[in-house]
Structure formats: C-alpha cells, structure tokens
Amino acid sequence: MSISNSFGEPSEQPNARLYGLAFDPTTATLTKSQGELKRRDLSHSAVVPYVRRDEDGAPQHLWVTLYVGGLLGETRWQKAFFAATKLLPERLLSRPNDRDSSPFLNRVFPRGMIFLVNYDSKFAENFKRAEAHCSLREREGGPLGVVGLRDVVIGTQNVDTARSRWNDFFTNRRNNFQPVGVL
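This structure is a prediction, so every number in the text was calculated from the model and none was measured.

(A) Structural detail: the overall build of the chain. A count of helical and extended segments in the chain gives six helices and six strands. Out of the 183 residues in the chain, the part that is buried amounts to 32%. Considering only intrachain contacts with a sequence separation of at least 6, the fraction spanning at least 24 residues in the chain is 65%. Of the accessible surface of the chain, which amounts to about 12,000 Å², a share of 49% is contributed by carbon and sulfur atoms.

Written as structure tokens, this is what we have:
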C-alpha cells in the first residue's frame with residue numbers, strides 16, 4: 001500500500017494533507033479487480049494507464065490505476081470521470097499528458113482517493129520501495145510525519161453506509177468475497 005499527500009510540489013502545498021491510499025490488488029490483473037468491484041456494486045473507473053514522456057520524448061508506461069468510488073464519498077465529477085474512463089478508447093487513456101492533472105483530480109476526488117495500482121515491471125521506482133521507506137524514516141515522515149500505518153479512520157455522517165462499503169471493499173463474508181486490495 002502507498003500513501004500520497006495532496007497533489008503539487010511541497011513548496012506549492014505548505015499544508016500537506018493525506019490525499020490518497022493506493023492498495024495492492026489481490027487479483028492477477030486490475031481488469032479482474034474491476035470485475036470484483038462491479039460484482040460488489042462499488043463504483044469505479046476503468047483501468048487507467050499512467051504514461052509520461054522519457055528524456056527522449058518517447059511515451060513510457062509506468063503503472064495502471066483503478067480508482068474506487070464511494071469509500072470517501074461521491075461527487076458528480078467522480079461519476080462523470082468514471083463513466084468517461086469506461087467510454088474512452090484505451091489509446092486516448094494511455095496518451096502521455098504533459099499538463100498537470102492535479103486541479104482536475106482534486107475536483108474529482110475532493111475528499112481524497114482510494115485506488116488499486118499495478119506498477120510496470122520496467123518502472124524503476126517499483127524496485128526502490130525499501131530505499132523510499134528508508135528515506136521517509138530519515139525525513140521523519142515528511143511534511144505529514146507519516147512513518148507507518150496501523151489504522152485507517154474515516155469520518156462520516158453515515159456510519160452504516162461507510163462500514164458497508166469498506167466491508168465490501170475488503171471482504172464481504174455474506175457472499176464469501178476475498179479482499180480486492182490489501183494494505
């Protein structure tokens with residue numbers, strides 16, 4: 001699992017906040033995870049590739065993401081984004097975008113985002129997780145002071161709905177589902 005703070009460079013975001021939780025999928029592919037989310041009636045995007053340009057300007061595939069909705073609330077922007085990812089052809093979703101998508105994602109996920117991620121095996125950062133953990137400890141958790149994760153506590157006005165959705169995400173004993181993502 002990964003934790004992300006709000007988008008933007010640290011100098012642009014002096015009041016960093018927890019913004020997203022990235023879970024490792026428990027299925028072989030995110031396409032299978034997408035099927036599991038559908039079966040559990042949890043809103044979600046299509047599988048969205050993250051591509052950027054390398055030093056030579058060639059597209060470089062880094063990871064694929066599957067955004068999960070309803071766990072931190074839903075907005076019309078989020079529903080529209082999820083629908084668009086399912087309607088757009090993959091060639092448009094996988095185009096490198098040189099523009100900063102932070103303002104858009106902050107509008108789609110104003111309370112933060114929950115997603116599953118699969119890193120491309122060629123993506124160098126995939127092999128540097130131990131180094132990143134060491135660096136985080138040396139910086140005493142960065143601007144948020146995060147050095148580990150024991151619990152995720154969600155504030156909500158509707159405890160029963162939130163509990164039901166999170167239960168469906170992790171496991172739903174009524175239907176004998178396995179977790180979709182793990183910490």
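(B) Quick look at the pairing of strand β4 (residues 59-68). Across six bridges, strand β3 (residues 48-53) lies against β4 in antiparallel orientation. Of the residues in β4, the one forming a bridge with R52 is Q60. From the end of β3 to the start of β4, which pair antiparallel, there are five residues, and G57 there has a positive phi angle of about 90°. Bridging between β4 and strand β5 (residues 113-119) involves six bridges; their strand directions are antiparallel. Residue pairing for β5: Y67 is matched across the bridge by F115.

(C) Looking closely at the pattern of salt bridges. On inspection of all chains with the given rule, the structure shows four salt bridges. Here R40 ties to E36 by a salt bridge, and the two come within 2.9 Å at their closest N and O atoms. Side by side, R40 and E36 carry an identical accessibility label, which is buried.

About the thresholds
- Residues numbered from 1 in each chain as written.
- Predicted model: local features only at pLDDT ≥ 70, side-chain atom pairs only at ≥ 80, totals over all residues.
- Heavy atoms only, no water.
- Helix = DSSP H or I, 4+ residues; strand = E, 2+ residues; numbered from the N terminus.
- Buried < 20%, exposed > 50% of the residue type's maximum accessible area, 1.4 Å probe, protein only.
- Contact = heavy atoms within 4.5 Å.
- Areas by Shrake-Rupley, 256 points an atom, 1.4 Å probe, with all protein chains shown as cover.
- Pairing = 2+ DSSP bridges.
- Salt bridge = Lys/Arg side-chain N within 4 Å of Asp/Glu carboxyl O.

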